[in-house]
Amino acid sequence: MDRRELIKLGAGAMVSGLAATANAASAPATGSSSRQVERWGIFEMQAHGPSSGNPFVDVSIGARFTYGYRTVDVTGFYDGNGVYRVRFSPDTVGRWTYETTSNVKELAGLTGSFDCFPAKAGNPGPVGRAHRFHFQHADGTPYFPFGTTCYAYGFIGQPYQSETLEDLKSAHFNKVRMCLLPKPLGNLKPIAMPFERLSPTQVTGKERFDLTRFNPAYFQHMEQCIDDLRAANIQADLILFHPYDAWGFKSMGKENDDRYVRYAIARFSAYRNLWWSVANEFDFIKSKSMTDWNRFFRIISETDPYSRLRSIHYSQMMYDYSKPWCTHASLQNYQFEKSAERLAAWNKPIIYDEIQYEGNIPSRWGNLSPEEMTYRFWRAIINGVYASHGETYMTPDGAPVWSNAGELRGTSPSRLAFLHQLLKKSGTTGLFAPPDPYYTNAGNPGQLYLWYFDYHAPAEYAFPLPENDRFKATLIDPWAMTTEAVAGTFSGKSQLKLSGKPYRAVLFEKV
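Now for a description of the structure that goes with this document. (Residues numbered from 1 in each chain as written. Predicted model: local features only at pLDDT ≥ 70, side-chain atom pairs only at ≥ 80, totals over all residues. Heavy atoms only, no water.)

It is worth spelling out the sheet that holds strand β18 (residues 274-279) at this point. Taken in spatial order, the five strands line up as β13-β14-β17-β18-β19 in an open sheet, and their pairing is parallel. Looking at strand neighbours, the two that pair on one side only are β13 (147-149) and β19 (310-311), the edges of this open sheet. With three bridges connecting them, β13 and strand β14 (residues 175-179) associate as parallel partners. Within the sheet, the bridge partner assigned to G147 lies in β14 and is K175. Helix-sheet contacts for helix α6 (residues 290-303) involve β17 (235-241), β18 and β19, and the interaxial angle to β18 is about 160°. (Pairing = 2+ DSSP bridges. Helix = DSSP H or I, 4+ residues; strand = E, 2+ residues; numbered from the N terminus. Contact = heavy atoms within 4.5 Å. Axes fitted to C-alpha atoms, helices over the stretch in contact; angles between N-to-C directions.)

See below:
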């Protein structure tokens, strides 16, 4: 069984139940409506309109939000049962007003206002690019992506949904790669389907769907999952298309594809923790061409009013990440030694989103030791880039593997969290690797330097520090998760006694 087949199958038993309510501030569409909304939170305008025919196709709704001389146009969506919604995430404190637009008279010209108040503690705002190759929140807080992969988190249902969220939080992951469209789960079944099923009289044999009619309950459930991540300050790297498909959703045709992408933007873009991954292993979806992938990027770039982070993931044929609509590169390999040339060529951050999986399954890509997973994360950071975790341990009958959702079983996550905390405590906004180092290192010139000796085991080394600054030194054991302060301060060529053991690190910080 190859990797793609295992990802398709998953494991488990039937799960039921839907969460149908998203956590958003709402206000009636009237000329006098006024509500309080947190900066980077969600204001939601709700209105009632036509439910006959096919509102997903026949009816359009949007709104123009105004703050002083600034205007932001936002697309709305149909949420079933005659309910239409427009969501907006304000980035500026003060009074905002809005007026709706629609091709239906009863939905056009609705007006209202709301007051945006400053962000509360724990709300650093959305993540964007910063310092050329790195990331930070809108309030200036550095963001280091230490993520993992749980493809089925948004549609696997309980109890695995809650179990996944709790393990994400306890492991201190701050990003999760998750699919929007469902994938097969072995003995489990997705909690719902994203499109209306065709009645049995209309089809024979294989299950089919009306691709022009979305199932609002499916998307409402996905919203709740994304909002739960938001509450935990975890970024949702939402995968729009994937090849692990059993229902034909990877081959819906141009018109249905575009409608689906636009619907996703209208529903999810206001969530401040939302990232767009146009596809996972896009090159395995043979029904689509490069023209299609570029078109999806253009739709997102033109329609998402917040310019959320955007990328695409591949398996064998790398996408051209120099394209202006890619905000960062999402790679499937662990060629960290090539990071310098890739950073120079693309001039944007790199996340090695799939560096194989910690686990014990027979396939070579799915049985990394926890030590190797930890080593690969350190190699990413020391090369000025980032990596994502994945896990595929064999599970008891009926339980999914972590790469779908469920229980986190490995021992690398605590080591990854240790590295993450080192970066956060250091005060860096992101490390930069020098060209051709004798031993791998990265840092912020004149402020901070981190050496990692990987398989080398020196008993001592003369570190080349700046002559005119003084630094404190800390010895680090990445696997034992220990630090040891070295007495004194250092400048210029500084000789330190080391452990003589491999996979150790030394951090120098300016004093």
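Turning our eyes to something else, we now look at unusual backbone geometry. Trans peptide bonds make up most of the peptide bonds, and negative phi angles are found at most residues other than glycine. Cis geometry is found at the peptide bond from Q158 to P159, where omega equals 5°. Along the polypeptide, P159 turns up in the loop between β13 and α3 (160-170). If you check the backbone angles, N233 has positive phi at about 55° while not being a glycine. Following the sequence through the fold, N233 ends up in the loop between α4 (216-231) and β17. Take N233: its relative accessible area is 35%, and that puts it in the partly exposed class. (Buried < 20%, exposed > 50% of the residue type's maximum accessible area, 1.4 Å probe, protein only.)

The next thing to look at is the pairing of β18. With six of six residues buried, β18 is to be regarded as a mostly interior element. In terms of strand pairing, β17 meets β18 through five bridges, oriented parallel. In the strand pairing of β18, F241 is matched with A279. Note on the crossover from β17 through helix α5 (residues 254-268) to β18: the handedness is right-handed. Bridge count between β18 and β19: two bridges; the pairing is parallel. Among the inter-strand pairings, S277 is bridged to a residue of β19, identified as S311. Handedness of the β18-α6-β19 crossover: right-handed. (Right-handed = clockwise from strand over helix to strand, strands pointing away.)

Our next topic: the pairing of strand β29 (residues 482-490). By the bridge criterion, six bridges tie strand β28 (residues 471-477) to β29 in an arrangement that is antiparallel. Bridged to D477 within β29 is T482. Connecting β28 to the antiparallel partner β29 that follows it, the hairpin turn spans four residues, and M481 within it adopts a positive phi of roughly 60°.

Quick look at helix α7 (residues 339-346) now. For α7, every residue scored as buried is listed here: S339, R342, L343 and W346. Projected down its long axis, α7 shows its buried positions confined to an angular sector of 100°, all on one face. Those residues of α7 that are exposed and angled more than 90 degrees off the buried face are A340, E341, A344 and A345. Buried positions along α7 lie against β20 (329-330) and β21 (350-352). One or two residues past the end of α7 sits N347, with phi positive at roughly 55°. (Arc of directions from axis to C-beta.)

Within the structure shown, the criterion is met by 59 aromatic pairs. A centroid spacing of 6.1 Å and a plane angle of 80° characterise the contact between F43 and F65, whose relative ring orientation is edge-to-face. Of this pair, F43 sits in strand β3 (residues 43-48) while F65 is found in strand β4 (residues 61-67), placing the two residues 22 residues apart along the sequence. A relative accessible area of 0% means that F65 is categorised as buried. Ring geometry for F133 and F432: centres 6.3 Å apart, planes at 50°, overall tilted. Linking F133 in the loop between β10 (127-130) and β11 (134-137) with F432 in the loop between α9 (412-426) and β25 (441-444), this pair joins segments that are 299 residues apart in sequence. We classify F432 as partly exposed; its relative accessible area is 31%. Across the ring face of Y334, the terminal group of R376 is positioned such that the distance to the ring centre comes to 3.7 Å. The ring centre of W479 lies 3.7 Å from the NZ or CZ of R415, which sits over that ring. (Phe/Tyr/Trp six-rings, centres within 6.5 Å; stacked < 30°, edge-to-face > 60°. Lys NZ or Arg CZ within 6 Å of the ring centre and 35° of its normal.)

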